[in-house]
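# Coordinate inspection notes
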Amino acid sequence: MLFTYNDITKDVVERPDVCIIGSGAGGAAMADVLSGAGLDVVVLEEGGYYTKDRYSTYKPAVAMKILYRDYGGTIAFGKNPIMLPLGKAVGGTTVINSGTCFRTPDSILKDWAERYGVENASSKDMEPYFKQVEKKINVTQVSPQVLGKNGLVFKRGADALGMSNGMLMHNMINCHGCGRCAFGCPHDAKQAVHLNFIPSALEHGARVYANARAENITVEAGRVTRIQGSIINEQTGNKLFGLNVFPKLLVVSAGAIYTPYILEKNNINLSPELGRNLTIHPAVRITAMFDEIIEGYKGVPQGSYVDAYASEGIMLEGIFVPPEIGLPILAPIGKKNKEIAMAYDHLAAFGVMVSDKNSYGRVKVGIDKRPFITYHFDPYDFKKLVKGIAIASEIFFAAGAKTVNPSIYGIREFTSPDDIAQLFTKKVPLTSVEMMAFHPLGTARMGETKDHSVVNSYGKAHGLDNLFISDGSIFPSSLGVNPQVTIMSFAIRNAQYIVENKKALLNHG
Ligand SMILES: Cc1cc2nc3c(=O)[nH]c(=O)nc-3n(C[C@H](O)[C@H](O)[C@H](O)COP(=O)(O)OP(=O)(O)OC[C@H]3O[C@@H](n4cnc5c(N)ncnc54)[C@H](O)[C@@H]3O)c2cc1C
Ligand code: SF4
C-alpha cells in the first residue's frame, strides 16, 4: 500500500522487519529486493507522491517548487557557492533527473578495492546487478529521432574535430523528446524508480508512506530500536500526525546530504568519516548562439556526450532547460535578457563535468539545525574544469556557432575560436565561474577499515548491527559518470546480503 498524508487519520505505528528512510535510487531498489524476499518493509519518504497526471499540469518553475528540495536551492558553500539541487518525492532525485545511465567504470571499482578494501565488487561481481537494474529501469540508447538539435549540433562539432562522442544510454520507454526530464516526465517515459522498483515493492506487500519525515532515531544497547517522525501536510508543511516505527533493521537511504545529516543530528556518529569526503562532480554550462534554429527545448535535454577526455576526468553531456528557467539564469534583467529571449530558438547548451579528484566537501548539522554543506574546489580539479570549458567552446565553434558564452564572469562571450586561448593566458579565478553539481556522493563511504570508512563493503554500519546505508553516500570516490545505476546496483547487491544474513541481522537476542 502507498499512503499519502490524505490517507492518514491518526498517528502511525509500524513494527516491520525493515524500515527504509528515503525512496530514491538507493531506497527503492532496497525496498523491492527485501520485500520480494518476504521481509516486511516500511518506506518513509518526506516528499509527496506525484504521478504524470500531476506533472503534466506543472510548469517547470512550479515543478521545481514541488519536486525539488528547497525549490532546488540547496547550496554547497566554499570560495564559490555551488548549486546542488536534490529531489524530494516518492522516487527521490530520480523523478527529476535527466535519465542518463552509466555502469560504474572498471577503474573506479578497482580503486575502491585497492584503496578502501571494498570486497566482492569487481566489474565481474557487479555485472549481474548492473543487468538487473538495466532491465528493471529499461536502459536503452537515446534514438536520433528524439535527440533534438541541441545534441545534434554538438555531435556535428565533435565529429568535425574527431572527438569521441555518442548518444547516451537512458532509462526510457517511448520517449516523446519533450525536453522536460528535470521537471518530472509528463509521459512516464523516463523510468524513475517510482515507476518500477516502488510499484514492485508495493506488490510484494511493502508499505510506502509519502509525506512522512523521519526525525529521531533511537539506539539502545548497540541497536536501532525506533524511528520517530511526522506525517506532513504537503501544502502547508505542517505536522499532521506522529509516526513511530519499531523495525528490526533500519536502512538509511536519504541521499548523500541527508543521510549523514540525520545520523549526526541523532548523535549516531558511526565514524569520524561520517559527513566527510563529499564529492559532487562539479559542472558548468556552456551556451552558444547559432544562425540556424536549434529549438534546444525540443528533444532529450541530456541525449549525447563527448568522452574524448574522460580519462582526464572531463565528461561533456547535453543540458538544456526551457526559457522560463534558462532566461533568469543566463541574463535575469535588462537588454541582454531581451536579446537572449528573442534568440532563444537559436541557443544551444552543453554541460562540462569534472571528477573531483583532490576536491572534497563535508556535510554537518548547521547552527540552524539544517544541513550545512561545504566544498573545497581544489586548483587541480578547477584546471580540468577550465580545460573542459575550452573543449566545449571549441566544439561549438566547429559546429558553426557565432558566439560562445563560457559562463565566466569577467570574460566576454567568445566571438571566434581565437578567443578561447584567453582561458589559459588570463587568470580565471575560481569565484568567476558559475558552477553547479548534481551528483553528491561519499559522505558515509564503504570499506573494510573502520578508521577510514563508515559502512562495510555491503553497506552495514561499522559498530551497529542493524543499521545499513543504501544511497549515494557509500561510494568512496567520484565516479566520473552519472551515478544512478551504480546506486541502484549496489542497493540490490546489499539487499541480497541482508536477505542472505537475515537471521543474524534481524533476530537479535
Ligand atoms: C537535476 C538532476 C539531474 C540528474 N541527472 C542524472 C542522470 O541523468 N543520471 C544519473 O545517474 N544521475 C542523475 N542525477 C543524480 C541522481 O538522480 C542521484 O544521484 C540519485 O537519485 C541519488 O540517489 P539516492 O538514493 O542517493 O538519493 P535520492 O534519490 O535523492 O533519494 C533520497 C530520498 O530521501 C528522502 N529523504 C531525505 N531525508 C528524509 C527523511 N528525514 N525522512 C524521509 N525521507 C527523507 C528525500 O526526500 C529523497 O526523496 C541527477 C540529479 C539532479 C539533481
Ligand atoms: S524528453 Fe520528455 S518524454 Fe522523454 S523522458 Fe524526458 S520528459 Fe520524458
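The structure reproduced in this document is the subject of the present report. (Residues numbered from 1 in each chain as written. Chains lettered and ligands numbered in written order. Predicted model: local features only at pLDDT ≥ 70, side-chain atom pairs only at ≥ 80, totals over all residues. Heavy atoms only, no water.)

### Section: the overall build of the protein
Each helix and strand counted, the protein has 14 helices and 23 strands in total. Taking 509 residues into account, the globule formula puts the C-alpha radius of gyration at 23 Å, and the protein, at 22 Å, falls close to it. The principal-axis extent of the C-alpha atoms belonging to the protein is close to 70 × 50 × 45 Å. A total of 509 residues make up the protein; the buried ones form 60% of that total. Nonlocal contacts in the protein, meaning residues at least 24 apart in sequence, comprise 74% of its contacts between residues at least 6 apart. Summing over all exposed atoms, the protein offers an accessible surface of approximately 20200 Å²; the carbon and sulfur share of this is 52%. (Helix = DSSP H or I, 4+ residues; strand = E, 2+ residues; numbered from the N terminus. Rg over C-alpha atoms; globule rule 2.2 N^0.38 Å. Buried < 20%, exposed > 50% of the residue type's maximum accessible area, 1.4 Å probe, protein only. Contact = heavy atoms within 4.5 Å. Areas by Shrake-Rupley, 256 points an atom, 1.4 Å probe, with all protein chains shown as cover.)

### Digging into the site of ligand 1
Near ligand 1 there are 39 residues, and of these Gly-26, Glu-45, Thr-93, Thr-100 and Gln-484 occur at the shortest range. Asn-97 is positioned such that a nitrogen or oxygen atom in its side chain is 3.1 Å from an oxygen atom of ligand 1. One of the backbone nitrogen or oxygen atoms of Gln-484 is found 2.7 Å away from an oxygen atom of ligand 1. Relative to its unbound accessible area of 1000 Å², ligand 1 is 95% covered by the protein chains. Those elements that provide at least two residues to the shell around ligand 1 are helix 1 (25-36), strand 11 (212-220), helix 8 (255-265) and helix 13 (484-500). Residue composition of the shell around ligand 1, grouped by class: 15 nonpolar, 18 polar and 6 charged. (Near = heavy atom within 4 Å. Polar contact = N/O pair within 3.5 Å; in protein donor to acceptor, adjacent residues only side chain to side chain. Nonpolar A, V, L, I, M, F, W, Y, C, P; charged D, E, K, R; others polar.)

### As for the sheet that holds strand 13 (residues 239-245)
Pairing in this open sheet of 4 strands is mixed, and the strands run 2-13-12-11 from one edge to the other. Looking at which strands have only one partner, the edges of the open sheet turn out to be strand 2 (12-14) and strand 11. Taking the axes of each pair of neighbouring strands and ignoring which way they run, one obtains an average angle of 15° across the sheet. With 6 bridges connecting them, strand 12 (residues 223-232) and strand 13 associate as antiparallel partners. Each residue of the ladder has a partner; that of Gln-228, found in strand 13, is Asn-244. (Pairing = 2+ DSSP bridges. Axes fitted to C-alpha atoms, helices over the stretch in contact; angles between N-to-C directions.)

### Digging into the nonpolar core
Counting 88 residues, the largest nonpolar core has Leu-44, Trp-112, Ile-227, Leu-263 and Leu-467 as the members making the most contacts within it. In this structure, this core is formed jointly by two domains, domain 1 (2-50 + 89-97 + 102-136 + 192-274 + 443-506) and domain 2 (141-182 + 280-436), each of which donates at least three residues. Leave out the neighbours within four places in its chain, and Ile-227 touches Cys-19, Ile-21, Leu-44, Ala-214, Asn-216, Ile-217, Leu-243, Asn-244, Val-245, Pro-247 and Leu-250. (Core = buried A, V, L, I, M, F, W, Y, C linked by side-chain atoms within 4.5 Å. Domains from an automatic or database assignment.)

### Quick look at the sheet that holds strand 3 (residues 18-21)
Here 6 strands make up an open sheet; going across it, the order is 1-10-4-3-14-23 and the pairing parallel. The open sheet is flanked by strand 1 (2-3) and strand 23 (467-469), the only strands paired with a single partner. Pairing of strand 3 with strand 14 (residues 249-252), which is carried by 4 bridges, proceeds in the parallel orientation. Within strand 14, the residue paired with Ile-20 across the bridge is Val-251. Helix 1 rests against strand 3, strand 4 (41-44) and strand 14 of the sheet, and its axis sits at about 165° to strand 3.

### Structural notes on the site of ligand 2
Around ligand 2 sit 13 residues, and of these Cys-175, His-176, Cys-178, Cys-181 and Cys-185 come closest. Per-class residue counts for the shell around ligand 2 are 7 nonpolar, 4 polar and 2 charged.

### Focus on the environment of Ala-189
The residue Ala-189 is located in the loop between strand 9 (169-171) and helix 7 (197-203) in this model. Owing to a relative accessible area of 3%, Ala-189 belongs among the buried residues under this scheme. Taking the C-alpha atoms as reference, Ala-189 lies 4.8 Å from Ile-173; in sequence the two are 16 residues apart. Ignoring sequence-local partners within four residues, the contact set of Ala-189 consists of Asn-171, Met-172, Ile-173, Asn-174 and Cys-175.

Just geometry here; none of it tells us what the structure is for.
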